[in-house]
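Survey of secondary and tertiary structure
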Amino acid sequence: MRTMRTIAVLNMKGGVGKTTTVINLAHILANDYHRRVVVDCDPQCNLTSFYGAAGAEGPTVADVLRGTHEPYWVDNVIEVTPWISILPASTQLWQLDLAAIQEGRSNINALRGFVQAVQEDQQVDVVLFDCPPGFTAASTAALMAAQEVIIPVLMDGFSLEGMTEMLAQVASIRSSNPALKVGGVLINQWHRSVPVIQAEKVLRAMPVPVYNQTIRRSDKVLESTMVKEAVADYSITSSAARDYRLLVQE
């Protein structure tokens, strides 16, 4: 059985580039003819909207978490390119979070079952989970299903202050999912300034793996989201596109 990687892209903060990281990793891997499944765990549905899957008929992550749709997994995803399929999000994820708080109901192993079904079929090389800010019902289920976590961060004081707590939360999941590890912290929107350089030094001194490759700040990333293209395809020579390709190599 060939190896399939399952990666959760997570940060407790919003606006750090989780969705753009998932999109560009998926599209760069497409050029290597890997088949990928992306899973939108965020009720804001940005990844789902990017791929034009909002409002499409069929199951969503919320349905999988409720257990109302059983694998065969192929019936649960939408093919959005010849090599990328998405399990979309919906605003019903908000209701699941409320139920988890009020009634203590949360099927944290539902996405693990979905991933196991994907693995058994041996048609997919990578599953990428786009997680919302914080530890919601969906992001917890994603961590239960993932082998590794990528943590995109900005170089500011809030990101550095929240790193210890986030790593502690990930470590707490490891008691139930021993395979989970932090793949690395990804410095996003890097630019040459004294505060950013100082913050990077502080981060790299922390006891956490940090990718050597950073993603430089580029207006092309913002433009690419407007036209619904991965920056790796939209502006292949831009600094961010080059950086994402180097990240995939790393």
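Residues numbered from 1 in each chain as written. Predicted model: local features only at pLDDT ≥ 70, side-chain atom pairs only at ≥ 80, totals over all residues. Heavy atoms only, no water.

Below, the discussion takes up the confidence of the model for the protein. Across the protein, pLDDT averages 90, with 93% of residues at or above 70. Mean pLDDT in the protein bottoms out at helix H4 (residues 92–102), which sits at 71, and peaks at strand S5 (residues 126–130), which reaches 97. (pLDDT = per-residue confidence, 0-100. Helix = DSSP H or I, 4+ residues; strand = E, 2+ residues; numbered from the N terminus.)

Time to look at the environment of Ser176. Here Ser176 shows up in the loop between helix H7 (157–174) and strand S7 (181–187). Exposure remark for Ser176: the relative accessible area of 41% places this residue in the partly exposed category. Considering only alpha carbons, one finds Ser176 and Val210, 34 residues apart in sequence, at a separation of 24 Å. Dropping the residues within four chain positions of it, Ser176 is found in contact with Arg112 and Met144. (Buried < 20%, exposed > 50% of the residue type's maximum accessible area, 1.4 Å probe, protein only. Contact = heavy atoms within 4.5 Å.)

Let's shift gears to the pairing of strand S6 (residues 148–153). Within S6, six of the six residues are buried, which leaves it mostly tucked inside the rest of the structure. Here S6 shows two buried faces, one formed by Glu148, Ile150 and Pro152 and the other by Val149, Ile151 and Val153. Sheet analysis places strand S1 (residues 5–9) next to S6, joined by three bridges and oriented parallel. If you follow Val9 over to S6, its bridge partner there is Ile150. Here six bridges tie S6 to S7, and the two strands are oriented parallel to one another. Residue pairing across strands places Ile151 opposite Val185, the latter belonging to S7. (Pairing = 2+ DSSP bridges.)

All right, on to the packing of helix H1 (residues 18–30) against helix H11 (residues 239–249) then. Closest axis-to-axis distance for the H1/H11 pair is 10 Å, and the angle between their directions is 70 degrees. Considering the angle they form, H1 stands roughly perpendicular to H11. Taking contact as the criterion, the partners of Thr20, Thr21, Asn24, Leu25, Ile28 and Leu29 in H1 are, on H11, Tyr244, Arg245, Leu247 and Val248. The residue inventory of the contact of H1 with H11, partitioned by class, reads six nonpolar, three polar and one charged. (Axes fitted to C-alpha atoms, helices over the stretch in contact; angles between N-to-C directions. Parallel < 35°, antiparallel > 145°, perpendicular 65-115°, else oblique. Nonpolar A, V, L, I, M, F, W, Y, C, P; charged D, E, K, R; others polar.)

To continue, consider the packing of aromatic side chains. Throughout the structure, instances matching the rule amount to one aromatic pair. Relative to Tyr51, the ring of Phe50 lies with its centre 5.0 Å away and its plane at 90 degrees, an arrangement referred to as edge-to-face. (Phe/Tyr/Trp six-rings, centres within 6.5 Å; stacked < 30°, edge-to-face > 60°.)

Now for the pattern of salt bridges. Summed over the entire model, instances satisfying the criterion amount to five salt bridges. The partner of Arg66 in a salt bridge is Asp63, and the shortest N-O contact between them spans 3.9 Å. Placement of the pair is Arg66 and Asp63 together in helix H3 (residues 61–66), with a separation of three residues, close to one helical turn. (Salt bridge = Lys/Arg side-chain N within 4 Å of Asp/Glu carboxyl O.)

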